[in-house]
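# Examining the three-dimensional arrangement
Okay, here's what each chain looks like letter by letter:
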Amino acid sequence: MSGKPVLHYFNIQGRMESIRWLLAAAGVEFEEKLIMCQEDLDKLKNDGLLMFHQVPMVEMDGMKMVQSRAILNYIATKYNLYGKDMKERLLIDMYTEGMADLFELSFKVILGPPEQRDATKSLIKDRAKNRFFPAFEKVLKSHGQGYLVGNKLSKADILLTELMYCVEEFDASLLTNFPLLQALKTRVSNLPNVKKFLQPGSQRKPFTTPEMFEEMKKSFKF
């Protein structure tokens, strides 16, 4: 096996996409073993590779890592994307946990009952526009620096950029009143490693629609 991390997940964004973003931003090449059917997932479980019988799972540095936030923290620490001290790590964690709340709502659009999708989309747009984006705009304005923490690229900037791309799928105008967030999105997107990841043909997965998820479910016992 090569020294590259190996990512085990479905062929969708889901809970692996932030891991893909973080590895790509760090300039780390990775391989993917896509789980395309129930037999693929059962084999991982039966081979004892999934601690909690769940994915994502990442093989890296001799470990089989599970739980997406733990994986993200490991990658961020290894590639110096997690602040210089405890206070900066606290801020990065605070910001990314806030982002996680909005990410979870986006998952509900896909996983929730069809009759609740419109209401969930409206809630995402409201929370982004009136709670989360104003908070992050205020952070950037408060210190006048190019990145959220320590004037240096961190996990928080990368995941916020991913989140901005995500919510714009629901409403492309959501960033209109947040010039500093727009500038951050542009700044991170133009970093060479990220710019490459955003190009067609990369390992970035397309925005997952409920229809795509329903089609994928046909191959699994969900």
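Here, the structure is the one placed above.
In this report, we go over the structure that sits alongside the text. Remember, predicted model here, so these are calculated numbers, not experimental data.

The rules behind the values
- Residues numbered from 1 in each chain as written.
- Predicted model: local features only at pLDDT ≥ 70, side-chain atom pairs only at ≥ 80, totals over all residues.
- Heavy atoms only, no water.
- Core = buried A, V, L, I, M, F, W, Y, C linked by side-chain atoms within 4.5 Å.
- Buried < 20%, exposed > 50% of the residue type's maximum accessible area, 1.4 Å probe, protein only.
- Domains from an automatic or database assignment.
- Contact = heavy atoms within 4.5 Å.
- Axes fitted to C-alpha atoms, helices over the stretch in contact; angles between N-to-C directions.
- Helix = DSSP H or I, 4+ residues; strand = E, 2+ residues; numbered from the N terminus.
- Parallel < 35°, antiparallel > 145°, perpendicular 65-115°, else oblique.
- Nonpolar A, V, L, I, M, F, W, Y, C, P; charged D, E, K, R; others polar.
- Pairing = 2+ DSSP bridges.
- Phe/Tyr/Trp six-rings, centres within 6.5 Å; stacked < 30°, edge-to-face > 60°.

## Re the nonpolar core
As a rule of thumb, soluble globular proteins bury nonpolar side chains together. Counting 68 residues, the largest nonpolar core has Ile19, Met99, Phe133, Leu148, Leu160 and Leu181 as the members making the most contacts within it. Residue contributions to this core reach at least three from each of two domains, namely domain 1 (6–79 + 197–210) and domain 2 (86–191). Ignoring anything within four residues of it in the chain, the contact list for Ile19 reads Leu7, Pro56, Val58, Ser68, Ile71, Leu72 and Ile75.

## Topic: the packing of helix 5 (residues 117–143) against helix 7 (residues 179–189)
Axis separation between helix 5 and helix 7 bottoms out at 8 Å; the angle between their running directions is 80 degrees. Classed by the angle they form, the pair helix 5 and helix 7 counts as roughly perpendicular. Contacts between helix 5 and helix 7 involve Phe133, Phe136, Glu137, Leu140 and Lys141 from the former and Pro179, Leu180, Leu181 and Leu184 from the latter. For the contact of helix 5 with helix 7, the residue count by class is seven nonpolar, no polar and two charged.

## A short note on the sheet that holds strand 4 (residues 63–66)
With mixed pairing, four strands are arranged side by side in an open sheet as 2-1-3-4. Two strands close off the open sheet at either side, each with one partner strand: strand 2 (31–34) and strand 4. Each adjacent strand pair in this sheet contributes to an overall mean axis angle of 20 degrees, direction not counted. Judged from the four bridges that link them, strand 3 (residues 57–60) and strand 4 form a sheet pairing that is antiparallel. Within the sheet, the bridge partner assigned to Glu59 lies in strand 4 and is Lys64. Lying on the sheet, helix 1 (residues 17–25) is in contact with strand 1 (6–9), strand 2 and strand 3; it crosses strand 1 at an angle near 165 degrees.

## Notes on the packing of aromatic side chains
Within the structure shown, the criterion is met by seven aromatic pairs. Relative to Phe197, the ring of Trp21 has its centre 5.5 Å away and its plane inclined at 75 degrees; by these criteria the two rings are edge-to-face. Highlighted residues: Trp21 in helix 1 and Phe197 in helix 8 (residues 192–197), separated in sequence by 176 residues. As far as burial versus exposure is concerned, Trp21 and Phe197 are alike and both buried. On the numbers, 5.9 Å between centres and 75 degrees between planes, the contact of Phe133 with Phe178 is edge-to-face. With Phe133 in helix 5 and Phe178 in the loop between helix 6 (155–168) and helix 7, this pair connects stretches of sequence that are 45 residues apart.

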